[in-house]
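# Breakdown of the fold
Single-letter residue listing:
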Amino acid sequence: MRKNIVAGNWKMNKTFQQAEELVAEVKDLMEEHEIKHTEVIVIPPFPYLEMATDLAQGSPLKVGAQNVSDHDYGAYTGEISAPMLASMEVNYCIVGHSERRKYFREKSKALAEKVKQLLNAGITPIFCCGEDLEKREKGQQEKVVERQISKALFELEPDDFSRMVIAYEPVWAIGTGKNATPEQAQEMHAFIRKIIEGKYGKDISENISILYGGSCNAKNAKSLFKNPDVDGGLIGGASLNAEEFLKVIRGIPA
Ligand code: PGA
């Protein structure tokens, strides 16, 4: 079944104490506002994951990681593997965020490995795709997204693919305050669903959650989430404050 999901990608923000406070606030607000039909995920930096999974225990709040190694164990100094994340009860992990593609030169081959590592460990990958401004201006957004998805994911068996979450994040909208319009988001989400249908069939394409990311906030969440192919959001800046994050979550149609 297609799930509504709102995930907060904290990126490299917050001290441990601030992070602890924010997880507790999100959890309390979810309880207070009886958020039950939307899967809410906090995605803090690695060192805070154990604190977050401890605090989330017994509540519907889920915890995700921002990255994972493409290896499972061994001499890879500074890396964190999928089995390690699973042993800390992490439920989700972002793969292929545009900041990682850009600053850490992550390529499709490594992203495909990361996805496999996560699926083997029982963690749901949130796979990010999206075009930059130059490609959007040339009208090549579909070509870019199709290539990103097919290169990293289309080797997966249907059963494995059906466990993925996709996030469409146009690079020009990330952290810029310039979100995609609801029409642009719907158009790209419908396109993504169509290419998934072409490869894996209607059953899988209709049931996969596709999130929008890029300057999504309390003001625009509702108009973005009301589109039939937008199943929620991957939220950066607006997830760093619990009240604002709650407003984004409440943008999901009842
Ligand atoms: P933003 O980031 O909401 O701050 O634009 C979104 C993301 O990078 O996932």
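Okay, so let's go over this structure. Just so it is clear, the structure is predicted and the values come from calculations on it, not from any experiment.

### Concerning the overall build of the chain
- Each helix and strand in the chain was counted, giving 12 helices and 8 strands.
- In terms of overall dimensions, the chain has C-alpha extents of about 45 × 45 × 35 Å along its principal axes.
- Taken over 254 residues, the chain has a buried fraction of 51%.
- Residue pairs at least 24 apart in sequence account for 72% of intrachain contacts in the chain once pairs closer than 6 positions are excluded.
- If you average the places of the 32 positive and of the 37 negative side-chain charges in the chain, the two averages end up 6 Å apart.

### Here's the deal with the site of the ligand
- Taken together, 13 residues lie near the ligand, and K11, H97, E169, G175 and S215 sit nearest.
- For the ligand, an oxygen atom lies 2.6 Å from a polar atom in the backbone of G175.
- The contact in question runs from an oxygen atom of the ligand to an N or O atom on the backbone of G236, over 2.9 Å.
- Its free accessible area being 280 Å², the ligand has 95% of it covered by the protein chains.

### Re the pattern of salt bridges
- Scanning the entire structure with this criterion turns up 13 salt bridges.
- We note a salt bridge from K3 to E39, for which the minimum N-O separation is 3.3 Å. Of this pair, K3 sits in the segment before strand 1 (4-9) while E39 sits in strand 2 (residues 38-43), placing them 36 residues apart in sequence.
- The partner of E106 in a salt bridge is R100, and the shortest N-O contact between them spans 2.7 Å.
- The exposure class assigned to R100 is partly exposed, which follows from its relative accessible area of 22%.
- Among the charged side chains, a network of salt bridges with common partners joins R2, R193, E206, D229 and D231.

### Here we look at the pairing of strand 4 (residues 92-95)
- A two-sided burial pattern is seen for strand 4, the buried positions comprising Y92 and I94 on one face and C93 and V95 on the other.
- By the bridge criterion, 4 bridges tie strand 4 to strand 5 (residues 124-129) in an arrangement that is parallel. Following the sheet pairing, V95 is matched in strand 5 by F127.

### Focus: the state of the cysteines
- Tallying each qualifying case throughout the model produces 0 disulfides.
- The cysteine C128 is free of any disulfide, with C129 supplying the nearest cysteine sulfur at 7.6 Å.

### Thoughts on the pairing of strand 5
- Burial analysis of strand 5 places 5 of its 6 residues in the buried class, which makes it a mostly covered element.
- In this sheet, strand 6 (residues 165-168) lies alongside strand 5 in parallel orientation, the contact comprising 4 bridges. Opposite I126, over in strand 6, you have V165 as the bridge partner.

### A word on unusual backbone geometry
- With phi around 85 degrees, K14 is a residue other than glycine that occupies positive phi space.
- By the element assignment, K14 lies in the loop between strand 1 and helix 1 (16-32).
- Residue S215 is not a glycine yet carries a positive backbone phi of 55 degrees.
- In this fold, S215 is placed in the loop between strand 7 (209-213) and helix 11 (221-225).

### A few points about the sheet that holds strand 1
- Reading around the circumference, 1-2-3-4-5-6-7-8 is the order of the 8 strands in this closed barrel, with parallel pairing throughout. With direction set aside, neighbouring strand axes in the sheet form an average angle of 25 degrees.
- In this sheet, strand 3 (residues 62-65) lies alongside strand 2 in parallel orientation, the contact comprising 2 bridges. What sits directly across from I41, in strand 3, is K62.
- Packing of helix 7 (residues 141-153) onto the sheet brings it into contact with strand 5 and strand 6, and relative to strand 5 it is tilted by some 145 degrees.

### Let's talk about the side chain of N220
- Looking at where N220 falls in the secondary structure, it is placed in the loop between strand 7 and helix 11.
- There is a polar contact of 2.8 Å between the side chain of N220 and the backbone nitrogen of N217.
- Setting aside chain neighbours within four positions, we find N220 in contact with N179 and S215.

About the cut-offs
- Residues numbered from 1 in each chain as written.
- Predicted model: local features only at pLDDT ≥ 70, side-chain atom pairs only at ≥ 80, totals over all residues.
- Heavy atoms only, no water.
- Helix = DSSP H or I, 4+ residues; strand = E, 2+ residues; numbered from the N terminus.
- Buried < 20%, exposed > 50% of the residue type's maximum accessible area, 1.4 Å probe, protein only.
- Contact = heavy atoms within 4.5 Å.
- Lys, Arg positive; Asp, Glu negative; His and termini not counted.
- Charge placed at Lys NZ, Arg CZ, Asp CG, Glu CD.
- Near = heavy atom within 4 Å.
- Polar contact = N/O pair within 3.5 Å; in protein donor to acceptor, adjacent residues only side chain to side chain.
- Areas by Shrake-Rupley, 256 points an atom, 1.4 Å probe, with all protein chains shown as cover.
- Salt bridge = Lys/Arg side-chain N within 4 Å of Asp/Glu carboxyl O.
- Pairing = 2+ DSSP bridges.
- Disulfide = S-S within 2.5 Å.
- Axes fitted to C-alpha atoms, helices over the stretch in contact; angles between N-to-C directions.

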